[in-house]
Amino acid sequence: MRVGVISDTHDRLPTFRRAMAMFRQVGVGAVFHAGDFVAPFAAKLLLPEVSGLGETPVHCVLGNNDGERAGLKAMLPQVVEGSLRVEVGGRVVVMSHFIEWLRPEEMMGADVVITGHTHEAGHEVVEVGGQQQLRLNPGECCGWVTDRCTVALLDLETLKADVVEVYAGP
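Because the structure is predicted, anything quoted here is derived from the model rather than measured.

Caption draft 1: Looking closely at the sheet that holds strand E3 (residues 58-60). Strand order in the open sheet made by the five strands is E3-E2-E1-E9-E10, with mixed pairing throughout. Across the chains shown, the open sheet's two edge strands, defined by having one partner strand only, are E3 and strand E10 (160-165). Between one strand and the next, the sheet's axes are offset by a mean angle of 20 degrees, whatever the strand orientation. As paired strands, strand E2 (residues 31-33) and E3 are joined by three bridges and run parallel to one another. Residue pairing in the sheet places Phe32 in a bridge with His59 of E3. Its contacts with the sheet place helix H1 (residues 13-26) against strand E1 (2-6), E2, strand E9 (150-155) and E10, and it is angled at close to 20 degrees to E9.

See below:
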């Protein structure tokens, strides 16, 4: 199963829309948003009727810049404050906005750990308790800090991730 991973959209709707269009085009089986939507009007792009992803599960956590938490929770009732642990495609995925917010015991047994916050895309495989674990940060979809608007496509079968540039436009 291929999933879309996105973080740090920071209300930049054009790049957020392009990312969601790419996820639709490749037919992701789930979407993970690692926080910093900022406002509910941006989070609205994850709703099935807006995203065009239908029944595709959307997993999301809040970030440090998500100030309008009540509005975000009303828009996306599944949004989690803190860390999220979910099984998808036979893999255990743990997600938090910032890796430093995760306790070591929260990451134990996870096949994938998704974070954001740093605005820097990257992934690495580490060994945790004798198990290989992919740590993935899709970078910033907004492009405000690095001038790169990126998301990740993650193959849960192979645990390979590709960081993909989302064109920011003029």
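Caption draft 2: Focus on the environment of Ala19. Structurally, the position occupied by Ala19 is in helix H1. Its relative accessible area of 0% is what places Ala19 among the buried residues. C-alpha of Ala19 to C-alpha of Tyr167: the two residues are 148 residues apart in sequence and 9.0 Å apart in space. Every residue in contact with Ala19, bar those within four places of it in the chain, is listed here: Ile6, Cys141, Val151 and Val166.

Caption draft 3: Quick peek at the environment of Val94. Mapped onto the secondary structure, Val94 falls in strand E5 (residues 91-95). It is 7.6 Å that separates the C-alpha atoms of Val94 and Glu106, two residues lying twelve residues apart in sequence. If sequence neighbours within four positions are ignored, Val94 has contacts with Leu84, Arg85, Leu102, Glu106, Ala110, Val112, Val113 and Ile114.

Caption draft 4: Local environment of the packing of aromatic side chains. This structure, assessed with the given rule, holds one aromatic pair. Between Phe98 and Trp101 the ring centres are 6.1 Å apart and the planes differ by 90 degrees, which places this aromatic pair in the edge-to-face class.

Caption draft 5: Quick look at the pairing of E1. Across the five residues that make up E1, a large majority, four, are buried. Of the pairings in the sheet, the one linking E1 to E9 comprises four bridges and is antiparallel in character. The residue of E9 that forms the bridge with Val3 is Leu154. For the handedness criterion, the β-α-β arrangement of E1, H1 and E2 is classed as right-handed.

Caption draft 6: Quick peek at the sheet that holds strand E6 (residues 112-114). Spatially, E4-E5-E6-E8-E7 is the arrangement adopted by the five strands of the open sheet, whose pairing is mixed. Two strands bound the open sheet, and with one partner strand each, they are strand E4 (84-88) and strand E7 (122-128). On average, each strand axis in the sheet is tilted by 25 degrees relative to the strand beside it, whichever way the strands run. As paired strands, E7 and strand E8 (residues 131-137) are joined by seven bridges and run antiparallel to one another. Paired with Val125 across the two strands is Leu134, which belongs to E8.

Analysis parameters
Residues numbered from 1 in each chain as written. Predicted model: local features only at pLDDT ≥ 70, side-chain atom pairs only at ≥ 80, totals over all residues. Heavy atoms only, no water. Pairing = 2+ DSSP bridges. Helix = DSSP H or I, 4+ residues; strand = E, 2+ residues; numbered from the N terminus. Axes fitted to C-alpha atoms, helices over the stretch in contact; angles between N-to-C directions. Contact = heavy atoms within 4.5 Å. Buried < 20%, exposed > 50% of the residue type's maximum accessible area, 1.4 Å probe, protein only. Phe/Tyr/Trp six-rings, centres within 6.5 Å; stacked < 30°, edge-to-face > 60°. Right-handed = clockwise from strand over helix to strand, strands pointing away.

By themselves, these observations are geometric and do not establish any function.
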